[in-house]
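Topology and contacts: notes
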Amino acid sequence: MDKEHMIRQLMREVEMDFSFDLRLGLIDRARFNAIIRSETERLREKGYLEIERMFFRAAA
């Protein structure tokens, strides 16, 4: 599995976590988008092995 695929899977988890806050009105759409963008950038900066570890931890 390539790094981008694992990042997309991890981001689905992040999006689910924050979508509850968005639906409850705890954050607005702009804040939600900023969180998703910054988290994606943070993950892309990490190396393959670190992403792989995070991916398998999340899958467990």
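An account of the accompanying structure is given in this report. (Residues numbered from 1 in each chain as written. Predicted model: local features only at pLDDT ≥ 70, side-chain atom pairs only at ≥ 80, totals over all residues. Heavy atoms only, no water.)

**Focus on the environment of Glu39**
With respect to the helices, strands and loops of the structure, Glu39 is situated in helix 2 (residues 29-45). Linking Glu39 and Leu10, residues 29 residues apart in sequence, is a C-alpha distance of 9.8 Å. Those residues in contact with Glu39, other than ones at most four positions away along the chain, are Met11 and Val14. (Helix = DSSP H or I, 4+ residues; strand = E, 2+ residues; numbered from the N terminus. Contact = heavy atoms within 4.5 Å.)

**Considerations on the pattern of salt bridges**
Per the stated rule, a full pass over the model turns up three salt bridges. Of the charged contacts, one joins Arg42 and Glu39 as a salt bridge, the two residues approaching to 2.4 Å between their closest N and O atoms. Here the residue Arg42 and the residue Glu39 both occupy positions in helix 2, the gap between them amounting to three residues, near one helical turn. (Salt bridge = Lys/Arg side-chain N within 4 Å of Asp/Glu carboxyl O.)

**A word on the packing of helix 1 (residues 3-24) against helix 2**
Between helix 1 and helix 2, whose axes approach to 10 Å, the crossing angle comes to 155 degrees. Classed by the angle they form, the pair helix 1 and helix 2 counts as roughly antiparallel. Helix 2 is crossed by helix 1, and the crossing has right-handed handedness. Side by side, helix 1 and helix 2 meet where Lys3, Glu4, Ile7, Leu10, Met11, Val14, Glu15, Phe18, Ser19 and Leu22 of the first sit next to Arg29, Phe32, Ile35, Ile36, Glu39, Thr40, Leu43 and Arg44 of the second. Each residue belonging to the contact of helix 1 with helix 2 can be placed in one class, and the counts come to ten nonpolar, two polar and six charged. (Axes fitted to C-alpha atoms, helices over the stretch in contact; angles between N-to-C directions. Parallel < 35°, antiparallel > 145°, perpendicular 65-115°, else oblique. Left-handed = near helix turned anticlockwise from the far one by under 90°. Nonpolar A, V, L, I, M, F, W, Y, C, P; charged D, E, K, R; others polar.)

**Quick look at the nonpolar core**
By size, the foremost hydrophobic cluster in this structure holds twelve residues: Met6, Ile7, Leu10, Met11, Val14, Ile27, Phe32, Ile35, Ile36, Leu43, Ile51 and Phe55. If one sorts the elements of this core by residue count, helix 1 sits on top with five residues. (Core = buried A, V, L, I, M, F, W, Y, C linked by side-chain atoms within 4.5 Å. Buried < 20%, exposed > 50% of the residue type's maximum accessible area, 1.4 Å probe, protein only.)

**Details of the packing of helix 1 against helix 3 (residues 48-59)**
At a closest axis distance of 10 Å, the pairing of helix 1 and helix 3 adopts a crossing angle of 40 degrees. Considered as vectors, helix 1 and helix 3 are oriented oblique to each other. Here the hand of the crossing between helix 1 and helix 3 comes out left-handed. For the pair helix 1 and helix 3, the contacting residues are Lys3, Met6, Ile7, Gln9 and Leu10 in the first and Tyr48, Ile51, Glu52, Met54, Phe55 and Ala58 in the second.

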